[in-house]
Amino acid sequence: MKKFLAGALLSVSALTLAACGDDDSSKLVVGASNTPHAVILEEVKPILEEQGIELVIESYQDYVLPNKDLESGELDANYFQHIPYLEDQIATFGYDFVNAGGIHIEPIGLYSKKYSSVDELPEGATILMSNSVSDHGRVLAMLESEGLITLAEGVDKTTAEISDIVDNPKNLEFDPNYEPALMVQLYENDEGDALLINSNYAIDAGLNPIEDSIAIENSDSPYVNIIATKAGKEKDKNIKALVDALHSQEIQDFIQNEWGGTIVPVNK
């Protein structure tokens, strides 16, 4: 009887340890911006749950903490940044992060409460930009496509800076000194003549990038929002399951239907 009880207890202990191990390995903690990233991840939860993976979503309001928390191990992955921003963060902080998969594009828009088109912008108009250097190239490229400026020939438009402007017919003034999350508030306060707002912040504040902007980035933008994780972890089965779910037709359709083209899904 004693041997039987001892064996039973060992069996229970082994099962308990195995269950704990399964619980730990089946939990995936992902940091995300509120909109659209966290919203999209909520749609993915049931898909991963069917595979025995518990998706835990940690929401962030800024672009700094999600990478710090990924580095510290508090997160398994994050979903908030585009490729040039990730590359800039790696170069600046030495993060050993990789792109596990591109999910969507958020076209950046030019907004103004004073003017209803780029043609109305006056001589010497002040354009407010965020201090996110990795976004400056895309902003300038968009303004060039609108005929407002010309960049130096041969310049890499993903890394272009204000100093690369060689023609500025309206003598626009650029002020690139604001936190990205503050751009909506500056717009509401009618600061500057026009300003650039990332679509995630615009949508979160109830703006429609297509209807409310006076100019918007083309949907073929290279600024794809990605799942980022530590190098080597992109091969983890849970990370791969997450990316596969985000690339599924169900989620791609959800992104398209939910935001009517203001968020553009990709599957690469």
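Before reading on, note that the structure itself is shown above.
An account of the accompanying structure is given in this report.

### Details of the sheet that holds strand S12 (residues 224–230)
Link 1 in the chain: The mixed open sheet is built from six strands, whose spatial order is S2-S1-S3-S12-S4-S13. At either margin of the open sheet sits one strand with a lone partner, and together these are strand S2 (54–60) and strand S13 (264–265).
Link 2 in the chain: Sheet strands touched by helix H3 (residues 65–72): S2, strand S3 (77–82), strand S4 (97–105) and S12. Its angle to S3, the strand with the most contacts, is close to 145°.
Link 3 in the chain: Contacting S3, S4 and S12, helix H4 (residues 83–93) runs over the sheet at an angle of about 110° to S3.

### Digging into the environment of Ala100
Link 1 in the chain: Secondary-structure assignment places Ala100 in strand S4.
Link 2 in the chain: Counting along the chain gives 131 residues from Ala100 to Ala231, while the straight-line C-alpha distance between them is 9.1 Å.
Link 3 in the chain: Residues in contact with Ala100, not counting those within four places in the same chain, are Ile227, Thr229, Glu234, Ile239 and Val243.

### Considering the environment of Glu217
Link 1 in the chain: Residue position: Glu217 is located in the loop between strand S11 (215–216) and S12.
Link 2 in the chain: Exposure remark for Glu217: the relative accessible area of 10% places this residue in the buried category.
Link 3 in the chain: Along the backbone, Glu217 and Gly137 are 80 residues apart, and their C-alpha atoms lie at a distance of 12 Å.
Link 4 in the chain: The residues contacting Glu217, other than those within four sequence positions of it, are Glu106, Pro107, Ile108, Arg138, Met142 and Tyr223.
Link 5 in the chain: Of note is the side chain of Glu217, whose polar atom sits 2.9 Å from the backbone nitrogen of Ile108.
Link 6 in the chain: A polar contact of 2.5 Å, which involves the side chain of Glu217, links it to the side chain of Arg138.

How each quantity is defined
Residues numbered from 1 in each chain as written. Predicted model: local features only at pLDDT ≥ 70, side-chain atom pairs only at ≥ 80, totals over all residues. Heavy atoms only, no water. Pairing = 2+ DSSP bridges. Helix = DSSP H or I, 4+ residues; strand = E, 2+ residues; numbered from the N terminus. Contact = heavy atoms within 4.5 Å. Axes fitted to C-alpha atoms, helices over the stretch in contact; angles between N-to-C directions. Buried < 20%, exposed > 50% of the residue type's maximum accessible area, 1.4 Å probe, protein only. Polar contact = N/O pair within 3.5 Å; in protein donor to acceptor, adjacent residues only side chain to side chain.

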